[in-house]
Amino acid sequence: MSRSMTGFGRGEAGSPERLWVAEIRTVNHRFLDQKINLPRAFPGFEEPVRRMVAERLGRGRVEVQLSVSGAMAGQARLAVNQDLARQYHSCLQTLQRDFALEGGIRLADMLNLRDLISVDEQPPDLETEWALAGSALSAALSACEAMRLQEGQALKEDLSRRLQAFSALVDRIHNQLPDLLRMRQAELQDRLAKLLSGIDLDPMRLAQECAIMADKSDVSEEITRLRSHINQFHSFLGLDEAVGRRLDFLLQEFLREVNTLCSKISHAEIAQLGVEMKNEIEKLREQVQNIE
């Protein structure tokens, strides 16, 4: 199934005390380009996140946002050093008594004292937290994949319709070739008759020139290659893998064959059909840019 590179997914996992939330946004990109946003306490999660994303998504610009809320083992906690506070208080009382200082001892005075309140930081349990974060990320990836697959199916149907329109133009050119060659031969004979008026022309020589002209105008190889590319395009759309870059390459080949075909046949109607074919190729290319 063809997959789009545009998608969004959200997943949650946690316990009554805390909740991990993962959100994924993807857009088209030539390669897999990841941007990971993590809580400050978990920089080590970046590598496993990248691996999980790479295993599930083949191509696109991917933005992953992981966040956690609630109580969590390992969070920083403030602690009061009560023994030190008593010593500070006793010292302040001594100063007040010995120097006959007015006023009482206030809380604001105590808060300015060094090391009275400390931050107790302990590293979080990474294994436990990753089990929750990874579960949330997996759920978000599943939701994102479902959206990419759904949009990819719509893109596939649109590409198939446009490919049919392009194939019909190729058939129109192929069906007109015999009449076009006969017309070109008649034009050549008429021009030669005017240029060589009164001069005997060898019929064999004329036949040879017509054959050379017909050979130069022969586009059967281009038609064959275009039909082969069309069949390949159809087969790639049915593969269950990333095919966007292969489809883009095929469209480059489409355009090259159309340019060669139009240059060989200098005819107004064929030139118009060539313009329509190039227009269809451009529409196909715009859609292919979103295929994974």
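Rules behind the numbers
- Residues numbered from 1 in each chain as written.
- Predicted model: local features only at pLDDT ≥ 70, side-chain atom pairs only at ≥ 80, totals over all residues.
- Heavy atoms only, no water.
- Axes fitted to C-alpha atoms, helices over the stretch in contact; angles between N-to-C directions.
- Helix = DSSP H or I, 4+ residues; strand = E, 2+ residues; numbered from the N terminus.
- Parallel < 35°, antiparallel > 145°, perpendicular 65-115°, else oblique.
- Left-handed = near helix turned anticlockwise from the far one by under 90°.
- Contact = heavy atoms within 4.5 Å.
- Nonpolar A, V, L, I, M, F, W, Y, C, P; charged D, E, K, R; others polar.
- Pairing = 2+ DSSP bridges.
- Patch = residues over 30% accessible without salt bridge, like charges linked within 9 Å, V, L, I, M, F, W, Y side chains within 5 Å.
- Areas by Shrake-Rupley, 256 points an atom, 1.4 Å probe, with all protein chains shown as cover.
- Salt bridge = Lys/Arg side-chain N within 4 Å of Asp/Glu carboxyl O.
- Phe/Tyr/Trp six-rings, centres within 6.5 Å; stacked < 30°, edge-to-face > 60°.
- Lys NZ or Arg CZ within 6 Å of the ring centre and 35° of its normal.
- Core = buried A, V, L, I, M, F, W, Y, C linked by side-chain atoms within 4.5 Å.
- Buried < 20%, exposed > 50% of the residue type's maximum accessible area, 1.4 Å probe, protein only.

*Asks:* Looking at this model, I keep getting lost on the packing of helix α6 (residues 220–237) against helix α7 (residues 244–264). Mind explaining?
*Replies:* How two helices sit against one another is set out by the angle between their axes and by the gap between those axes. With their axes 10 Å apart at the nearest point, α6 and α7 run at an angle of 160° to one another. By the angle class used here, α6 and α7 are roughly antiparallel. Note that α6 runs across α7; the crossing there is left-handed. Contact with α6, carried on its side by E222, I223, R225, L226, H229, I230, Q232, F233, F236 and L237, involves R246, L247, L250, L251, E253, F254, E257, V258, T260, L261 and K264 of α7 and no other residues of that element. Split by residue class, the contact of α6 with α7 holds 12 nonpolar, three polar and six charged.

*Asks:* In this structure, what is going on with the sheet that holds strand β2 (residues 18–27)? I would like to understand it.
*Replies:* Strand order across the open sheet formed by four strands is β1-β2-β4-β3, with mixed pairing between neighbours. Here the strands that pair on one side only, and so sit at the sheet edges, are β1 (7–14) and β3 (32–37). Neighbour to neighbour, the strand axes of the sheet diverge by 15° on average, direction disregarded. Relative to β2, β1 is paired through eight bridges, and the arrangement is antiparallel. Counted as the bridge partner of G9 is I24 from β2. Across the sheet, helix α1 (residues 46–56) lies against β3 and β4 (60–70), angled at about 140° from β3, the strand it touches most.

*Asks:* Even after reading the chapter, I still don't get the packing of α7 against helix α8 (residues 268–288), so can you show me in this structure?
*Replies:* Here α7 crosses α8 at 170°, and the two axes come no closer than 10 Å. Between α7 and α8, the interaxial angle falls into the category roughly antiparallel. For the pair α7 and α8, the contacting residues are G244, L247, D248, L251, Q252, F254, L255, V258, N259, L261 and C262 in the first and I270, G274, M277, K278, I281, L284, R285 and V288 in the second. Split by residue class, the contact of α7 with α8 holds 12 nonpolar, four polar and three charged.

*Asks:* Looking at this model, I keep getting lost on a nonpolar patch on the surface. Mind explaining?
*Replies:* Taken together, L78, V80, L107, L111 and I117 make up a surface patch of nonpolar side chains, about 550 Å² in accessible area. For I117, the position within the fold is in strand β6 (residues 117–120).

*Asks:* Please explain the pattern of salt bridges as it appears in this structure.
*Replies:* Two side chains with opposite charge may pair up if their charged atoms get near one another. Within this structure, the stated rule accounts for 21 salt bridges. Residue E23 is joined to R25 by a salt bridge in which the shortest nitrogen-to-oxygen separation is 3.4 Å. Through salt bridges with shared partners, one network takes in R10, E12, E23 and R25.

*Asks:* Help me understand the packing of aromatic side chains, please; the structure alone is not making it clear to me.
*Replies:* Each pair of aromatic rings is reported with the distance of its centres and the angle of its planes. One pass over the full model with this rule turns up six aromatic pairs. Measuring from centroid to centroid gives 5.1 Å for W20 and F42, while their planes differ by 70°, and the two rings are edge-to-face. Of this pair, W20 sits in strand β2 while F42 sits in the loop between β3 and α1, and the two are 22 residues apart along the sequence. Taken together, the ring pairs connect W20, F42, F45 and W130 into an aromatic cluster. One residue, R246, lies across the ring of F236, its end atom 5.1 Å from the ring centre.

*Asks:* Please explain the nonpolar core as it appears in this structure.
*Replies:* Soluble globular proteins tend to pack their nonpolar side chains together in the buried interior. In this structure, F166, I173, F233, L247, F254 and M277 are the most contacted members of the largest nonpolar core, which totals 31 residues. Secondary structure elements with two or more residues in this core: α4 (126–195), α6, α7 and α8. Ranked by residue count, the leading element in this core is α4, at nine residues. Excluding residues within four positions of it along the chain, M277 makes contact with F166, L169, V170, I173, L226 and V258. Grouped together as the second largest cluster of nonpolar side chains are 21 residues, I24, F45, V49 and A140 included.

Spatial relationships are all this shows, so hold off on functional conclusions.
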